[in-house]
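# Reading the structure
Chain by chain, the residues:
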Amino acid sequence: MSDAIRVTRLPSGLTVATERMERVETVSFGAYVATGARHETAAENGVSHFLEHMAFKGTARRDAARIAEEIENVGGQINAYTAREQTAYFVKLLKEDLPLGVDIIGDILTGSVFAPEEVERERGVILQEIGQANDTPDDIIFDHFQTTAFPDQPIGRPVLGAEEIIAAMSRRTLMDYMASHYAAANMVVSAAGNLEHDRVLELVERHFAGLPAAMPGPAAAASYQGGEFREERDLDQVHVVLGFPSVGYKDPDYYPVLLLSTLLGGGMSSRLFQEVREKRGLVYSIYSFTQPFMDGGLFGVYAGTGADEVAELVPVTLGELRAVHSQVRQDELDRARAQVKAGLLMSLESTGSRCEQIARQLQVHGRIIPIAETVGKLAAVTVADVQRAAARLFAGAPTVAAMGPATRMPGLAAIRESLAA
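Each value, and the rule that gives it
Residues numbered from 1 in each chain as written. Predicted model: local features only at pLDDT ≥ 70, side-chain atom pairs only at ≥ 80, totals over all residues. Heavy atoms only, no water. Helix = DSSP H or I, 4+ residues; strand = E, 2+ residues; numbered from the N terminus. Rg over C-alpha atoms; globule rule 2.2 N^0.38 Å. Buried < 20%, exposed > 50% of the residue type's maximum accessible area, 1.4 Å probe, protein only. Contact = heavy atoms within 4.5 Å. Pairing = 2+ DSSP bridges. Axes fitted to C-alpha atoms, helices over the stretch in contact; angles between N-to-C directions. Parallel < 35°, antiparallel > 145°, perpendicular 65-115°, else oblique. Left-handed = near helix turned anticlockwise from the far one by under 90°. Nonpolar A, V, L, I, M, F, W, Y, C, P; charged D, E, K, R; others polar. Salt bridge = Lys/Arg side-chain N within 4 Å of Asp/Glu carboxyl O.

## With respect to the overall build of the chain
Of regular secondary structure, the chain possesses 16 helices and 11 strands. For 421 residues, the compact-globule estimate of 2.2 N^0.38 gives 22 Å, and the C-alpha radius of gyration of the chain, at 23 Å, lies within 12% of that figure. When each of the 421 residues of the chain is scored for burial, the buried share is 54%. Put simply, 81% of the contacts in the chain that link residues at least 6 apart link residues at least 24 apart.

## Let's talk about unusual backbone geometry
At F114, a residue that is not glycine, the phi angle is positive and equals roughly 55°. Counting through the fold element by element, F114 comes out in the loop between helix 3 (98–110) and helix 4 (116–134). Accessibility expressed as a relative area gives 5% for F114, which makes it buried. The phi dihedral of D152 falls on the positive side, at around 55°, and the residue is not glycine. Mapping D152 onto the fold places it in the loop between helix 5 (137–149) and helix 6 (163–168).

## Brief notes about the pairing of strand 3 (residues 26–33)
Burial analysis of strand 3 places 7 of its 8 residues in the buried class, the great majority of the element. Across 8 bridges, strand 3 lies against strand 5 (residues 87–94) in antiparallel orientation. Across the sheet, Y32 pairs through a bridge with A88, a residue of strand 5. Pairing of strand 3 with strand 6 (residues 187–193) involves 7 bridges; the strand directions are antiparallel. The residue of strand 6 that forms the bridge with A31 is V189.

## Topic: the sheet that holds strand 1 (residues 5–9)
Within a sheet, each strand pairs with its neighbour through backbone hydrogen bonds, oriented either parallel or antiparallel. Read across the open sheet, the 6 strands follow the order 1-2-6-3-5-4; overall the sheet is mixed. A single partner strand is all that each edge strand has here, and the edge strands are strand 1 and strand 4 (77–82). Across this sheet, the average inter-strand angle for adjacent strands is 15°, counted without regard to direction. Running at roughly 150° to strand 6, helix 13 (residues 351–365) makes contact with strand 1, strand 2 (15–20), strand 3, strand 4, strand 5 and strand 6 of the sheet.

## Examining the packing of helix 9 (residues 254–265) against helix 14 (residues 371–380)
Where helix 9 contacts helix 14, the axes come no closer than 9 Å and their chain directions differ by 70°. Between helix 9 and helix 14, the crossing angle belongs to the class labelled roughly perpendicular. As for how helix 9 packs across helix 14, the hand of that crossing is right-handed. Counted together, Y255, L258 and L259 of helix 9 and T374, K377 and L378 of helix 14 form the full contact between these two elements. A breakdown of the residues in the contact of helix 9 with helix 14 according to their chemical character gives 4 nonpolar, 1 polar and 1 charged.

## Overview of the pattern of salt bridges
Taken as a whole and assessed by the stated rule, the structure comprises 38 salt bridges. Note that D334 and R337 form a salt bridge whose closest N and O atoms lie 3.1 Å from each other. In this pair, D334 and R337 are both assigned in helix 12 (residues 330–347), 3 residues apart and thus about one turn of the helix distant. The class of D334 is partly exposed, set by a relative accessible area of 35%. Ionic contacts of the salt-bridge type, sharing partners, join the residues R61, R62, R66, E70, D103 and D107 into one network.

See the structure below:
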């Protein structure tokens, strides 16, 4: 690990990690909680995201307006996000304003009051957000894809939650969930930029002292099932996601799958972009993605196409998936490797990216992974590794989600038959 990176575990169980970047004038600071949609029960689906919204709506020391004003008075930025396995709260400020950033993040995580009127106001905002997502087919299609891949289990439920659950969610549910999941031992606090580790440690000890000590139980294991979802809508395009069970962060095939996704659909030079868009003109947008979790993951291809073109799009895409089992060229693997490596090294220049990376690595791997180690693992991936990963993934049961005028789209049985050919 670099001398610029330091990690301290406090007696409370809270982990504090920093990376000193002397040539910048800013600092990013965040609290990363190892809880998200997959840690919720069916009755409280959406509570993690609701909590993320409520964190900015007032504490015992600051109302919502003051939280925003104090950060923006010094030109800083504050934000948060909720995912299926993590909720994050973070700021970016000039280096001299770090004490304010730590104070505010600590305050919203230990001193939020959940004023009843703010709960009701934010409930309305979240219901509007859910409505907006439902009206955005190239967004909501991924929720349907996830639910179809993992039906009737926490990891398959939407991060935003269902309208009827959010409409009925009580203030007590929010407070109880925060008390049981926002434990010190379930959180990593990280910072990157022009900073001193000992100073960050001192600030964190002061402003995060109120975190609960109880540790939540583990999330329910993910059980991939696969299947088909279709929703006919009066849209100009058919939005399609085709996917398969994939690997988790710690799987030996993690890097081969990452490079597989990149060479298949990770850029304008990728196979899918060149074959489907450039040569055939079937889509405006097509790309592949890999979504790892702590235990397994998903690999998918998204495309938006016309009602007539979808009949050709799906077979062509399946053909590319079959071909990559045995036809991977060294030059395209090298190009994919260069893309991933460049993205990784460019991210080192961002305090925000580094802040998030070191927190995530500690939560997933229990250590910060040196950049040289990651680059070395990317360099070690061979053509045979990528082909083996492709054969492994695409032998799995497919998941298909489609929204729009999809009457000409092949069904799940035809897709399975094509993949087996």
